[in-house]
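Letter by letter, the chains look like this.
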Amino acid sequence: MTARPLPARPRSAAPGVRALGAMVLAMVLASCSLLNGGDSSQEAATAKADPSIVASAPAGLEEFYSQEVVWEPCESQFQCAKVTVPMDYDNPEGETIQLAALRASSTGKKTGSLLVNPGGPGASGYDFVKDAAGTHFSQPVRDAFDLVGFDPRGVKRSAPVTCMTDAERDAARAKIYDLETDAGLAAALADNKAIAAQCGEQTGPVLAHIDTVSSAKDLDILRAVVNDPKLNYLGYSYGTFLGSTYASLFPDNVGRMVLDGALDPSISNEELTSGQARAFEKALRAYVASCLGQDGCPLSGDVDSGVQQIRDLIAAVQQTPRTAKDGRVVNATMFVSGLITPLY
């Protein structure tokens, strides 16, 4: 994947590190007709915004909106590009970073591009379009739009945040804190501060600019380089917050926008966590009800009994951790993570 980057600039020192709050919400992914994922074209193509689009760029950002991007064949049947954006929008003359994007070309008469964010924050839109272009989008959508997935700043291929090795991450996830005690809460806070410091050391100054507002501004540059006068956007979970932030910053640039599993920005983290727990409970009961109606279900009795059996299993794992096939020890925290992930 190559692009024609903007002129090199001297590196600038970033001030403090802004904390990016983890917001994980349920994603509703409705499976549609099975289609071919991408385009078999193996030729590179350059693209840039029309002068009319560049003319409406925010002051000082014209060179980012007018950049020429090279879409090259990648991932067997897609096209990929790197798009240059400012690291710090308050200092656009300073250091730049690049965002990785992947495109599945329209299968009919193209009317524009559909930019996609699957949530997280931290999920890869690049991977989502690569893996789901053929299963999660209807034929009319595929016919009308190029699907464009991108890794937001700080994610995977786009100036990624780097904190721990896999082994360190496993060790951190295996810890269990008694947050109802002062000592347990203090230990959790101390470990989280240590992880934050490690992230800052490993990632560098870009960490201070990993935030939703900057990502929304990136989104408008992406809109320009795919040459769309209005943003057509699909966001799931946290991606709805990114989309609504974009709409508040660029109301005149909003085209067709779908926000699925919307996040209410007015609620606190505590309210968010409580609501998510209730949703997981509801999803778990739906799973148990479905399981009990099928042959080979490991649960028995009614729904309440099945849920209690799962609670008993979690308690048993908490008492006696299990060993995974790869040799890693699975305690109750890791077990619950594995249990709830499919419930999204």
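Student: Run through the side chain of D151, naming residues and quoting values.
Tutor: Relative to the helices and strands, D151 is located in the loop between strand 6 (145–150) and helix 5 (166–174). You can call D151 buried: its relative accessible area is 0%. Here D151 is in contact with L99, A100, S124, G125, Y126, K156, R157 and S158, once residues within four sequence places are set aside.

Student: Requested: an account of the pairing of strand 6, with residues and values cited.
Tutor: Where burial is concerned, most of strand 6 is hidden: six out of the six residues are buried. Side-chain alternation along strand 6 places F145, L147 and G149 on one buried face and D146, V148 and F150 on a second face that is also buried. Sheet topology places strand 5 (residues 112–117) next to strand 6; five bridges connect them, and they run parallel. Along strand 6, the bridge assignment pairs L114 with L147.

Student: Summarise helix 9 (residues 269–292); cite the residues concerned and give the values.
Tutor: Given a rise of 1.5 Å per residue, 24 residues ought to cover 34 Å, and the 34 Å separating the end C-alpha atoms of helix 9 matches this to within 8%. In this structure, the buried residues of helix 9 make contact with helix 10 (303–319) and helix 11 (332–340).

Student: Before we move on, can you summarise the pattern of salt bridges with the specific residues and values?
Tutor: Taken as a whole and judged by the stated rule, the model has 13 salt bridges. One salt bridge in this structure joins D191 and K175, with 3.1 Å as the shortest N-O distance. Within this pair, whereas D191 is found in helix 6 (residues 182–203), its partner K175 is found in the loop between helix 5 and helix 6, the two being separated by 16 residues in sequence. One network of salt bridges, with partners in common, ties together D127, D151, K156 and R157.

About the thresholds
Residues numbered from 1 in each chain as written. Predicted model: local features only at pLDDT ≥ 70, side-chain atom pairs only at ≥ 80, totals over all residues. Heavy atoms only, no water. Helix = DSSP H or I, 4+ residues; strand = E, 2+ residues; numbered from the N terminus. Buried < 20%, exposed > 50% of the residue type's maximum accessible area, 1.4 Å probe, protein only. Contact = heavy atoms within 4.5 Å. Pairing = 2+ DSSP bridges. Expected span 1.5 Å × (residues − 1). Salt bridge = Lys/Arg side-chain N within 4 Å of Asp/Glu carboxyl O.

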